Amino acid sequence: MGEIKVAGVLGAGTMGNGIAHVLARAGLSVRLCEIEERFLQRSMGTIRKNLEREASKGKLTAEDAMAAFERITGTLNRLELAECDFVIEAATEKFEIKREIFRELHGIVPSHVILASNTSSISITRLAAQTGRPDKVIGMHFFNPVPVMKLVEVIRGLATSAETFDTVRDLAVRLGKTPVEVNDAPGFVSNRVLMPLLNEAMYVVMEGVASAEAVDEVFKLGMRHPMGPLTLADFIGLDVCLDIMRVLQEGLGDPKYRPCPLLIRMVDAGWLGRKTGRGFYKYEQEGQG
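Rules used throughout
Residues numbered from 1 in each chain as written. Predicted model: local features only at pLDDT ≥ 70, side-chain atom pairs only at ≥ 80, totals over all residues. Heavy atoms only, no water. Domains from an automatic or database assignment. Contact = heavy atoms within 4.5 Å. Salt bridge = Lys/Arg side-chain N within 4 Å of Asp/Glu carboxyl O. Core = buried A, V, L, I, M, F, W, Y, C linked by side-chain atoms within 4.5 Å. Buried < 20%, exposed > 50% of the residue type's maximum accessible area, 1.4 Å probe, protein only. Helix = DSSP H or I, 4+ residues; strand = E, 2+ residues; numbered from the N terminus. UniProt positions renumbered as here; feature names shortened; annotations may be inferred. Polar contact = N/O pair within 3.5 Å; in protein donor to acceptor, adjacent residues only side chain to side chain. Pairing = 2+ DSSP bridges. Axes fitted to C-alpha atoms, helices over the stretch in contact; angles between N-to-C directions. Disulfide = S-S within 2.5 Å. Parallel < 35°, antiparallel > 145°, perpendicular 65-115°, else oblique. Left-handed = near helix turned anticlockwise from the far one by under 90°. Nonpolar A, V, L, I, M, F, W, Y, C, P; charged D, E, K, R; others polar. Right-handed = clockwise from strand over helix to strand, strands pointing away.

Asks: Explain the domain arrangement of the chain here, please?
Replies: You'll often see interface size given as the accessible area lost when the parts meet. On domain assignment, one finds that the chain holds domain 1 (6-183) and domain 2 (192-276). Its C-alpha centre places domain 1 at a distance of 27 Å from the equivalent point of domain 2. Each side of the interface is counted separately: domain 1 has eight residues, and domain 2 has five residues. For the interface between domain 1 and domain 2, the tally reads one salt bridge.

Next comes the structure, spelled out in structure tokens:
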């Protein structure tokens, strides 16, 4: 497949801008694609700020930070992804949206190029089936905040080739990450285990067993979690938590994956966590998307 020199990132939200950041920091040229100019500009501003923060902490030189930023080109035109050696999708966690993206990417990007998804729960096998290159489709699940977190779940679809897996595993190492091999299943490993934990913590609050603060304190002090499950849910986004629980419920068919009614109500109310200023806790508005 050759060395990856130009990478495309489709979706410039929290995860997409973090992925573009680490790709550029590792020396790759990056095409960061969005659907609206305002989202693109906000993302580029976030990347610049985060690279400058890394430089101020001595993690890289100011010159290297600026060079990394200059390797990123923002675009609203998906056709510009045709020149990429590798493309990763980081769009909303809904199958219908990702399905259309993968169909479109297959028509734009040369047939030898790997198409990856940063999905946190959706079937790689289903996404791969939307293309004419299922052997070159793979999951590359980064964790937030991407520039800091070391883990990348590398997820094989049913048809993913060994060559595709090896290329993406090597790319993760090149980015300074630790790749962990996972086979395709709803929620993979991370969210298959994590989301039912967060969901059960929400049931505890809904049933009046304990307050959100008390639940989080138990996990921080008793289990040595760096943040409690409800603080974490707010950080991830309650809408994302609900989407993943529904993927688990549909994909595995077990009633234990039923989303907590309190979670559904909060999402209906627009209380999505940190990004909207209110979830299980209240926050200062951060202007995050």
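Asks: What is the right way to look at the nonpolar core in this model?
Replies: If you look at the biggest cluster of nonpolar residues, it comprises 38 residues, and the most contacted ones within it are Leu-23, Leu-32, Phe-86, Met-140 and Phe-142. With six residues, helix α1 (residues 14-25) is the largest single contributor of residues to this core. With residues near it in sequence (within four places) discarded, Phe-86 still touches Ile-4, Val-6, Ala-7, Gly-8, Val-113, Ile-114, Ala-116, Met-140, Val-168 and Leu-171.

Asks: Looking at this model, I keep getting lost on the UniProt feature "site: Important for catalytic activity" (unreviewed entry) in the chain. Mind explaining?
Replies: UniProt marks His-141 with the feature "site: Important for catalytic activity" (unreviewed entry), using the numbering shown here. With near-sequence residues (within four places) excluded, His-141 lies in contact with Ser-117, Asn-118, Thr-119, Ser-120, Leu-151, Val-152, Glu-153, Ile-155, Ser-190 and Asn-191. Among the polar contacts listed, one links the side chain of His-141 to the side chain of Glu-153, at a separation of 2.8 Å.

Asks: Got a minute to help me understand the sheet that holds strand β8 (residues 178-183) in this structure?
Replies: Pairing in this open sheet of eight strands is mixed, and the strands run β3-β2-β1-β4-β5-β6-β7-β8 from one edge to the other. Each edge of the open sheet is held by one strand with a lone partner, namely β3 (72-75) and β8. Going across the sheet, the axis of each strand differs from the next one's by a mean of 25°, ignoring polarity. The pairing of strand β4 (residues 86-89) with strand β5 (residues 114-117) spans four bridges and is parallel. Note that in β5 the partner of Ile-88 across the bridge is Ala-116. Sheet strands in contact with helix α4 (residues 95-108) are β1 (6-10), β4, β5 and β6 (137-142), and its direction is about 165° off that of β5.

Asks: How should I be thinking about the UniProt feature "domain: 3-hydroxyacyl-CoA dehydrogenase C-terminal" (unreviewed entry) in the chain in this particular structure?
Replies: Under the present numbering, the feature "domain: 3-hydroxyacyl-CoA dehydrogenase C-terminal" (unreviewed entry) in UniProt falls on residues 187-283. For residues 187-283, helix accounts for 61% and strand for 0%, while the C-alpha atoms at its two ends are 28 Å apart.

Asks: So what exactly am I meant to see when it comes to the state of the cysteines here?
Replies: Covalently bonding the sulfur atom of one cysteine to the sulfur atom of another cysteine gives a disulfide. In the structure shown here, the tally under the stated rule is zero disulfides. Note on Cys-84: no disulfide assigned, nearest cysteine sulfur contributed by Cys-33 at a separation of 9.2 Å. Residue classification places Cys-84 among the buried residues on the basis of a relative accessible area of 3%.

Asks: Can you help me understand the packing of α1 against helix α2 (residues 37-56) in this one?
Replies: Helix-helix packing is described using two parameters, namely the angle between the two axes and the distance between the axes. As a packed pair, α1 and α2 sit with axes 10 Å apart at the nearest point and diverge in direction by 50°. Between α1 and α2, the angle is such that the two are oblique. You can see that α1 and α2 cross each other, and the crossing is right-handed. On α2, the residues that touch Asn-17, Ala-20, His-21 and Arg-25 of α1 are Ser-43, Thr-46, Ile-47, Asn-50, Leu-51 and Glu-54. Looking at side-chain class alone, the contact of α1 with α2 contains three nonpolar, five polar and two charged residues.

Asks: Looking at this structure, I do not really get the pairing of β8. What am I missing?
Replies: Within a regular strand, the side chains alternate between the two sheet faces. Across six bridges, the pairing between strand β7 (residues 151-156) and β8 is parallel. Its bridge partner lying in β8, Arg-156 is registered against Asn-183. At this point the chain moves from β7, through helix α6 (residues 162-174), to the parallel β8, and the crossover so formed is right-handed.

Asks: Which parts of the structure should I look at to understand the pattern of salt bridges?
Replies: Should their charged atoms come close, side chains of opposite charge can pair. A complete count under the given rule lists 16 salt bridges for this structure. Here Glu-83 ties to Arg-31 by a salt bridge, and the two come within 2.8 Å at their closest N and O atoms. One end of the pair, Glu-83, is in the loop between β3 and β4; the other, Arg-31, is in strand β2 (residues 29-33), and 52 residues separate them in sequence. We classify Arg-31 as buried; its relative accessible area is 14%.

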